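Structure at a glance
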Amino acid sequence: MSEATKYYIKEVAKSIGGAKVASYLCVTVVLYSLYSLQPYFFSRLLSDSAMNLGYLAGVAASLLSIPLVNYPNNWMLQAVRMHSKRVVWAANQTKDYAYFLNRSVGEYQNLMNEISFAIRSLQYDGLQFLLQSLIIIVVYAVLLFRYHWLVGFLYLLTYGSYLYLSIRLSRQNETGIRRVLDTTSDLNSFMIDFFKNISTILSAGSISLENRNFDKLLNKEREAYFNQQKQIDHSHLITQLWMTLGTVAVVAAGFTLRPGGSFDASLVLILIYSAFHLAGFGKRFLAFLELLGRLDVALRKIGYGDPPRVRPVQVVSLPDPVIIAVEDVSFSYKEGEPVLQQVSFDIRQREKLLIVGKNGSGKSTLVKLIAGLLNPDQGRVLYNRKYLHGAADIGYYSQHMELFDRSIYENMIYPRESCDIGAIWKLVDLLKLNTLIEDEEDLFHKRPGDFGARFSGGEKQKLLIARSLMNKKPVMIYDEVNSALDREAVEIFANLIENELRNSTVILVSHRIEGICGFERVVEISDGRLSLVS
């Protein structure tokens, strides 16, 4: 088990609450202990000539203990379900923009569900059988020590060593299983390779060759799994043989050393219960290790425990009127493929700056670096402390931003929770959103649907512009938010920048400049380098 997995399990327990976890364990231990006393209560009840109400109550309580333990188990199961996801979600707060850039929504959802499933199974199945096994051995050892110390000692030695042997063999089998899974991985890689190269295979007429290769991999996989299962069965046989010999020794000692010449029926019942409940310990412990392995892999893939890569905001003193300084900045998404190379320039307080360039020239990357979403490979981006406290004072809006599947009102004011309704209707009129938002029913109840599918590209961009104007900041960055607007809407947008953001520094990225006016400076990015246009 990796350190990240240990830390994650501790964080889940901490999130649930130490007192709650301790209470759950105490209740569970009491109920499983009560269940373990079942053979003792039965034997005493049957051995007495008269009905003993105490033993009868003990039998009834022990029979009810397993149904009762389901309640705390279910409570803890749902607590683990919630807090396992909450802890992973909280870890997102330490991640930077690049972390989310390199992951799809589906991949993240699958990994979070896998993590939650694995730790729930560890709690509901793994922890329960480990607790029950340990409690059975401890309780029965105590009862048999009362019968005779040697019988109790033999029982403890037999079943304690049985658990130890099962654990050792399970760990060996776990290593073998990992090797076996490689054969399945080889088979999956072959199928991917086959479909990628199907045109080559068909044109070469080599289907029969590929079929032979596929059969070889199938046979290799079958043989590997057969041998591994045989090893698991051997381990199970060895542990069962050890438990059988030990049980025979305990029975023989019980008959030989029976106190007062009488034989206690509870001895036989205890051994029957022990054999019944502990017989499959090795296989269940192996399943426990597999769940831990799955949790390890999922946590590693989702990046849990990775050190945060958040760049400390560099807020310094800069000469007026400079509000942001970009100094010798270079950046690449892939090593050896630079997007920006040694870019340096200053942005002035309240300046209106237009950045132009071809698609893929690095315009969007540059403004993401300015906004603090990405970290430069070399160089630095500096904020003037006189005007900015950090990246939170920069508003960033991009054509790739999606609307939330919430009401138009919530989308327009986000991240605010309430706003003057009059200001909303003013923006609706200015941006000519009247066909989309005709009345308050539309404003408060119409939703864009998944990924804004019900709204046009222009409508989504107008709503993003409205959101930006409801949340004005000292620096406003617009990354191609006018790409889906018609000429009239572009002119309206330019007028809004001039009239509504006169006190803000505005940076607009665009590949089209028709209808855009009022910008004091225009710079162009080409081949990762910046040059002044006007």
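Parameters at a glance
- Residues numbered from 1 in each chain as written.
- Predicted model: local features only at pLDDT ≥ 70, side-chain atom pairs only at ≥ 80, totals over all residues.
- Heavy atoms only, no water.
- Helix = DSSP H or I, 4+ residues; strand = E, 2+ residues; numbered from the N terminus.
- Expected span 1.5 Å × (residues − 1).
- Bend = angle between axes of the 7 residues up to and from the residue.
- Axes fitted to C-alpha atoms, helices over the stretch in contact; angles between N-to-C directions.
- Parallel < 35°, antiparallel > 145°, perpendicular 65-115°, else oblique.
- Left-handed = near helix turned anticlockwise from the far one by under 90°.
- Contact = heavy atoms within 4.5 Å.
- Nonpolar A, V, L, I, M, F, W, Y, C, P; charged D, E, K, R; others polar.
- Salt bridge = Lys/Arg side-chain N within 4 Å of Asp/Glu carboxyl O.
- Buried < 20%, exposed > 50% of the residue type's maximum accessible area, 1.4 Å probe, protein only.
- Pairing = 2+ DSSP bridges.
- Phe/Tyr/Trp six-rings, centres within 6.5 Å; stacked < 30°, edge-to-face > 60°.
- Lys NZ or Arg CZ within 6 Å of the ring centre and 35° of its normal.
- Polar contact = N/O pair within 3.5 Å; in protein donor to acceptor, adjacent residues only side chain to side chain.

Brief notes about helix α4 (residues 53-91)
Taking 1.5 Å as the rise per residue, α4 with 39 residues should run 57 Å; its terminal C-alpha atoms sit 55 Å apart, in good agreement. Most pronounced at Ser65, the bend in α4 amounts to some 40°, and the proline Pro67 follows within four residues.

Considering helix α6 (residues 105-147)
Helix length check: α6, at 43 residues, gives a terminal C-alpha distance of 62 Å against a target of 63 Å (1.5 Å per residue), a fit within 8%. Of all the bends found along α6, the most pronounced is centred on Leu122 and spans about 35°.

What to know about the packing of helix α2 (residues 18-36) against α6
One can describe the packing of α2 onto α6 by two numbers: an axis separation of 9 Å at closest approach and a directional angle of 50°. Comparing the axis directions of α2 and α6 gives the class oblique. Read as a crossing pair, α2 and α6 show a hand that is right-handed. Residues Tyr24, Leu25, Thr28, Val29, Tyr32, Ser33, Tyr35 and Ser36 of α2 form the contact with α6, whose participating residues are Gln123, Leu127, Gln128, Leu131, Gln132, Ile135, Ile136, Val139 and Tyr140. Looking at side-chain class alone, the contact of α2 with α6 contains 11 nonpolar, six polar and no charged residues.

Details of the pattern of salt bridges
Following the criterion strictly, the structure yields 14 salt bridges and no others. We note a salt bridge from Arg521 to Glu351, for which the minimum N-O separation is 2.6 Å. Of this pair, Arg521 sits in strand β9 (residues 521-526) while Glu351 sits in the loop between β3 (337-348) and β4 (352-356), and the two are 170 residues apart along the sequence. Arg521 gets classed as buried once you look at its relative accessible area, which sits at 13%. In this structure, Glu500 and Lys472 form a salt bridge, with 3.4 Å as the shortest nitrogen-oxygen distance. Remark: Lys472 occurs in the loop between α16 (457-470) and β7 (475-479) and Glu500 occurs in helix α17 (residues 487-500); sequence separation between them is 28 residues. The exposure class of Glu500 is partly exposed, given its relative accessible area of 24%. Lys472 gets classed as partly exposed once you look at its relative accessible area, which sits at 43%.

Examining the sheet that holds strand β2 (residues 322-334)
Read from one edge to the other, the open sheet built from four strands follows the order β1-β5-β2-β3, with strand pairing classed as mixed. Here the strands that pair on one side only, and so sit at the sheet edges, are β1 (315-316) and β3. As paired elements, β1 and strand β5 (residues 378-384) share two bridges and run parallel to each other. Residue pairing in the sheet places Val316 in a bridge with Asn384 of β5. Most of the contacts of helix α12 (residues 363-371) go to β3, to which it runs at about 55°, and overall it touches β2, β3 and β5.

Focus on the packing of aromatic side chains
By the definition in use, this model includes 17 aromatic pairs. Residue placement shows Arg406 over the ring face of Phe404; its charged tip is 4.1 Å from the ring centre.

Examining the pairing of β9
Where β4 lies against β9, four bridges are found, and the strand directions are parallel. The residue bridging Ile355 from the neighbouring strand is Val523, located in β9. Pairing of β9 with strand β10 (residues 529-532), which is carried by four bridges, proceeds in the antiparallel orientation. Across the sheet, the residue bridging to Ile525 is Leu530, located in β10. What sits between the antiparallel neighbours β9 and β10 is a turn of two residues, in which Asp527 has the positive phi angle 55°.

So, the side chain of Asp442
The topology assignment puts Asp442 in helix α15 (residues 440-445). Sequence-distant contacts of Asp442, defined by excluding residues within four places in its chain, comprise Ile408, Leu436 and Ile437.

Observations regarding the side chain of Ser510
Among the secondary structure elements, Ser510 is positioned in the loop between β8 (505-509) and β9. Ser510 gets classed as buried once you look at its relative accessible area, which sits at 0%. In this structure the side chain of Ser510 is engaged in a polar contact, spanning 3.4 Å, whose partner is the side chain of Asn482. When near neighbours in sequence (up to four residues on either side) are disregarded, Ser510 contacts Leu354, Ile355, Val356, Gly357, Lys363, Glu480, Asn482 and Ile516.

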